[in-house]
Amino acid sequence: MFKILGKTEPATNINKFIIEVPEIAKKVLPGQFVILRLHEKGERIPITIADKDKEKGTITLFVQEVGKTTTEMGRLKTGDAILDVVGPLGVPSHIENFGTVLCVAGGVGVAVMYPIAKALKEKNNKVISVLGARSKSFVILENEIKNISDEFYLTTDDGSYGQKGFVSDVLKNLLATCHSPLANIVFAIGPVPMMKVVSEITKQHNLKTIVSLNPVMVDGTGMCGACRVSIGGVTKFACVDGPDFDGHLVNWNELTCRLSLFKQKEKESLDYYCKLKSA
Amino acid sequence: MEKIPRQKMPVQNAKARVKNFASVALGYTEEQAILEAKRCLQCKKPTCIEGCPVEIDIPGFIKKIAEQNFEEAIKILKDKNNLPAICGRVCPQETQCEIKCVLTKKYEPVAIGRLERFIADWGIEQIQDTRYKKQEKPRTMNNEQQTKIAVVGSGPAGLTCAADLAKMGYNVDLFESLHQPGGVLMYGIPEFRLPKKIVEYEINYVKSLGVSISTNVLIGKTKTVQELFDDGYKAVFIGSGAGLPQFLGIPGENLNRIYSANEFLTRVNLMKAYLFPEYDTPINIGRNVVVFGAGNVAMDSARVSLRLGADNVTIIYRRTEKEMPARLEEIENAKEEGVKFHLLTAPVRFIGDENNNVIKVECLKMELGEPDASGRRRPVPIQNSEFIIDIDTAVIAIGQNPNPLIPRTIPGLQLGKHGNIITDEKTGATSIPGIFAGGDIATGAATVIEAMGAGKRAARAINEYLKKSN
Ligand SMILES: Cc1cc2nc3c(=O)[nH]c(=O)nc-3n(C[C@H](O)[C@H](O)[C@H](O)COP(=O)(O)OP(=O)(O)OC[C@H]3O[C@@H](n4cnc5c(N)ncnc54)[C@H](O)[C@@H]3O)c2cc1C
Ligand SMILES: Cc1cc2nc3c(=O)[nH]c(=O)nc-3n(C[C@H](O)[C@H](O)[C@H](O)COP(=O)(O)OP(=O)(O)OC[C@H]3O[C@@H](n4cnc5c(N)ncnc54)[C@H](O)[C@@H]3O)c2cc1C
Ligand code: SF4
Ligand code: FES
């Protein structure tokens, strides 16, 4: 059992957990994730480690409520425990001094971006950040990212905060007004459609782009093949070969379809859960 | 004297059993077991033992069954085999001990596997959980004198190695990456063939010997093997199995509802998708399922598909029935349950609909050509023999390669062509002193009993290694 030492709700539908897992806190690097299971009957779900505290032996997770498991997790409180947490999984993000880096993140992807952007800053990169959210109440980690950014932009779909529009609008603007290359590398993390659009834009400018893929996973150790993605026509397992990949090589259509594989079942599961809860 | 016939195994009726996940084979009654045991000739030079990778005293335990001395029988069995209730259910006895039984030549062999299962189950019934707890040996964790050994992976190889080392008096810590110990026994082999409760009992027995099991620890990520040595472990045994699924490498393979057997079986067995939505993990299964391959993994996938409600389940295999690697009993069971077989057939490509769901598979007819390096006749495609099958779901069960995660994280470890860890067959020693390995990680996908044999040999070798280095 892994104890929840802190739980807050920093944004609508997004819960922040501080969990005691000393072994993982000691080891984790930016870009890595855990797989957790809430209880005996639970599903194994992957969640990125947004932050850690080696001394306290804790990791921080930001979890968006989208279906049964994440909704149920949202009901947990400080002092509760999670049955299983395994990690750190995945290949850590490649961090070096690239020069200027552009960090484009949307939704809960901002939590995935945070440790990467922080590490890039520590390597003395110039960090340009572009964050996006549906509306004001969905924004997370704004100050934390701002503090490590040399340039900072924020958009909301409905214009309730920052600029109205999408991160891709900011990106297009920056690229249009910039005379020398805008950045040496782009990190784009967020919903699949967003990563896809960003990759399409940067491809036209020949700007190397790293994305963090989130296919459905089961074991997270390379054993089941559920997380397979096509990268440049080659099948890769996102849990052990990724989750970071070259955005220009990803087969986005395949990923989108594979993510919808269990849609019907997921709805059933959530309905079943809601019925149980209201009974 | 009138000959006693080989006792038949009582089984659940085929029509009923495809609707549930309960055990197919029901086990001998006491009377049947005693009758069957009496068939054994108690040979002076028992050839059956030669066929057993863990060298069970087969006539010894059978004699005790015949004498109704079950307590002695189980003792003899457990002396060599830490997991008899598992072996009695899944070992391919027909190609191991039973094929060597002297009765095989003229008559039918003694049902050694069924007797093993009978006596192991009897043992489990006797020992209540409370007695297990009482038996659990206290561990002297901080005792400097007691040597600590780490075992990685809790499949049959790791469990056997850990149990044997604990019996020798070592402090053994076993690390497992999944949330439940047991390896393939837990996530691969279905409930109706190997009830998970039985696996849990056997694992409890291993714990009762003093082995401590930590789940959710992925060696190579949570901790490296080097860090285990830094933590004071004097030797490490790696039994991480063959977890890397092979795919066919044909177009359309990443379409929706095409599963690796590992994913398919893990969802069902470990995560209990057959109890969805009470359990959270889903699985999609349509009316028409095809399974590629003809080993145990393929038979299990096919039979699970039937139980999940598929109407038509077809095994597609590129050779003939003679070459099928699955256990005889499982092939027979699958047929009885209505699994169809498309032999001498190989898939060429998958075809999907507009939502990327698989709807068809194109196949080619094959014929057997000249023998290849393995001595088996090679399947050769027949020109222009393409045909198409309508499907909703495909399961790929054509084999697993050794799990690459650990080998990748041990610098300097000598590996074979397929990423397997190269070991000394007699000792399990790897190219690095103090690191031993065995089971599927060394051999590639094999059998439970071979993995156990490797765990046993390694335990012996680790003991000698530690004595020498002291
Ligand atoms: C490497 C990785 C890191 C991730 N990091 C985060 C994170 O930091 N914060 C966060 O909120 N979410 C993260 N996710 C997504 C998160 O795993 C899913 O939202 C979660 O599994 C949904 O579970 P559910 O039961 O609530 O929803 P469901 O009802 O099961 O599914 C809702 C949607 O989530 C996706 N999904 C379902 N099951 C899985 C699964 N096992 N693995 C991946 N995706 C799935 C599907 O697209 C599905 O349509 C990450 C995913 C991956 C692969
Ligand atoms: C569906 C199926 C049916 C089968 N049917 C039969 C049968 O009827 N009869 C038979 O004899 N054989 C059968 N087999 C084969 C048999 O199960 C295997 O040969 C045997 O389990 C191998 O044992 P092992 O201990 O080497 O590995 P596994 O059983 O694979 O166990 C390895 C364990 O190590 C863990 N692990 C892996 N990497 C790490 C890591 N880095 N850190 C920590 N833990 C790790 C895994 O999670 C796993 O639990 C079947 C196999 C399958 C898949
Ligand atoms: S070979 Fe057959 S008959 Fe002889 S001891 Fe072994 S099981 Fe009994
Ligand atoms: S999640 Fe199973 S192989 Fe990646």
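Residues numbered from 1 in each chain as written. Chains lettered and ligands numbered in written order. Predicted model: local features only at pLDDT ≥ 70, side-chain atom pairs only at ≥ 80, totals over all residues. Heavy atoms only, no water.

**Re the overall build of chain A**
(1) Moving on: Looking only at helices and strands, one finds nine helices and 17 strands in chain A.
(2) Moving on: Relative to the 2.2 N^0.38 estimate, which gives 19 Å for 279 residues, the radius of gyration of chain A is 18 Å and therefore close to what a compact globule would have.
(3) Moving on: Counting the 279 residues in chain A, one finds 57% classified as buried.
(4) Moving on: Considering only contacts in chain A between residues 6 or more positions apart, those separated by 24 or more positions represent 64%.
(5) Moving on: Accessible surface for chain A amounts to roughly 11800 Å². Of this, 51% is attributable to carbon and sulfur atoms.
(6) Moving on: Averaged over its 34 positive side-chain charges, chain A has a centre that lies 2 Å from the centre of its 30 negative ones. (Helix = DSSP H or I, 4+ residues; strand = E, 2+ residues; numbered from the N terminus. Rg over C-alpha atoms; globule rule 2.2 N^0.38 Å. Buried < 20%, exposed > 50% of the residue type's maximum accessible area, 1.4 Å probe, protein only. Contact = heavy atoms within 4.5 Å. Areas by Shrake-Rupley, 256 points an atom, 1.4 Å probe, with all protein chains shown as cover. Lys, Arg positive; Asp, Glu negative; His and termini not counted. Charge placed at Lys NZ, Arg CZ, Asp CG, Glu CD.)

**Thoughts on the site of ligand 1**
Residue and element names in this part refer to chain A.
(1) Moving on: Pro46, Phe62, Gln64, Thr70 and Met217 are the nearest of the 23 residues found near ligand 1.
(2) Moving on: Within the side chain of threonine 70, one N or O atom sits 2.5 Å away from an oxygen atom of ligand 1.
(3) Moving on: If ligand 1 stood free it would expose 860 Å²; the protein chains cover 90% of that surface.
(4) Moving on: Broken down by secondary-structure element, the contributors of at least two residues to the shell around ligand 1 are strand 4 (45-48), strand 6 (58-64) and helix 2 (68-74).
(5) Moving on: At four residues, strand 4 tops the list of elements feeding residues into the shell around ligand 1.
(6) Moving on: When the residues that make up the shell around ligand 1 are grouped by side-chain class, the tally is 13 nonpolar, six polar and four charged. (Near = heavy atom within 4 Å. Polar contact = N/O pair within 3.5 Å; in protein donor to acceptor, adjacent residues only side chain to side chain. Nonpolar A, V, L, I, M, F, W, Y, C, P; charged D, E, K, R; others polar.)

**Some points on the packing of helix 15 (residues 261-270) of chain B against helix 16 (residues 296-307) of chain B**
Residues and elements named next belong to chain B.
(1) Moving on: At a minimum axis separation of 10 Å, helix 15 and helix 16 run at an interaxial angle of 50 degrees. Overall, the two elements helix 15 and helix 16 adopt an arrangement that is oblique. The element helix 15 and its partner helix 16 pack so that their crossing is left-handed. From helix 15, Ala261, Phe264, Leu265 and Val268 reach across to helix 16, where they touch Val297, Asp300, Ser301, Val304 and Ser305. (Axes fitted to C-alpha atoms, helices over the stretch in contact; angles between N-to-C directions. Parallel < 35°, antiparallel > 145°, perpendicular 65-115°, else oblique. Left-handed = near helix turned anticlockwise from the far one by under 90°.)

**Overview of the pairing of strand 10 (residues 126-133) of chain A**
Residues and elements named next belong to chain A.
(1) Moving on: Of all eight residues that make up strand 10, seven are buried, and the element is covered over most of its length.
(2) Moving on: Here strand 9 (residues 100-106) runs beside strand 10; their pairing, made up of seven bridges, is parallel. Bridge pairing in strand 10 links alanine 105 to leucine 131.
(3) Moving on: Between the parallel elements strand 9 and strand 10, the chain passes through helix 3 (residues 109-122) in a crossover that is right-handed.
(4) Moving on: Here strand 10 runs beside strand 11 (residues 151-156); their pairing, made up of six bridges, is parallel. Opposite serine 129, over in strand 11, you have phenylalanine 152 as the bridge partner. (Pairing = 2+ DSSP bridges. Right-handed = clockwise from strand over helix to strand, strands pointing away.)

**Digging into the confidence of the model for chain B**
(1) Moving on: Across chain B, the average pLDDT comes to 91, with 96% of residues at or above 70.
(2) Moving on: The ipTM for the predicted assembly is 0.92, set against a pTM of 0.93. (pLDDT = per-residue confidence, 0-100.)

**Focus: the sheet that holds strand 3 (residues 212-214) of chain B**
All names here are of chain B.
(1) Moving on: Spatial strand order, 3-2-1-4-16: five strands in an open sheet with parallel pairing. Strands at the two margins of the open sheet, each flanked by one partner only, are strand 3 and strand 16 (435-437). For this sheet, the mean angle separating the axes of adjacent strands, direction not counted, is 20 degrees.
(2) Moving on: In this sheet, strand 4 (residues 233-238) lies alongside strand 1 (residues 148-152) in parallel orientation, the contact comprising five bridges. Across the sheet, valine 151 pairs through a bridge with phenylalanine 237, a residue of strand 4.

**A look at the site of ligand 3**
(1) Moving on: Taken together, the residues surrounding ligand 3 are Cys40, Leu41, Cys43, Thr47, Cys48, Pro59, Cys101, Val102, Val110 and Ile112 of chain B.
(2) Moving on: Looking at the shell around ligand 3 residue by residue, the classes come out as nine nonpolar, one polar and no charged.

**Section: unusual backbone geometry**
(1) Moving on: Cis geometry is found at the peptide bond from glycine 242 of chain A to proline 243 of chain A, where omega equals 10 degrees.
(2) Moving on: One can find proline 243 of chain A in the loop between helix 7 (238-241) and strand 17 (244-246).
(3) Moving on: Look at the link from phenylalanine 276 of chain B to proline 277 of chain B: it is a cis peptide, with omega at 5 degrees.
(4) Moving on: Tracing the backbone shows proline 277 of chain B in the loop between helix 15 and strand 7 (288-292).
(5) Moving on: One non-glycine residue, arginine 257 of chain B, lies in positive phi territory at about 70 degrees.
(6) Moving on: The backbone phi angle of lysine 272 of chain B is positive, close to 60 degrees, even though this residue is not glycine.

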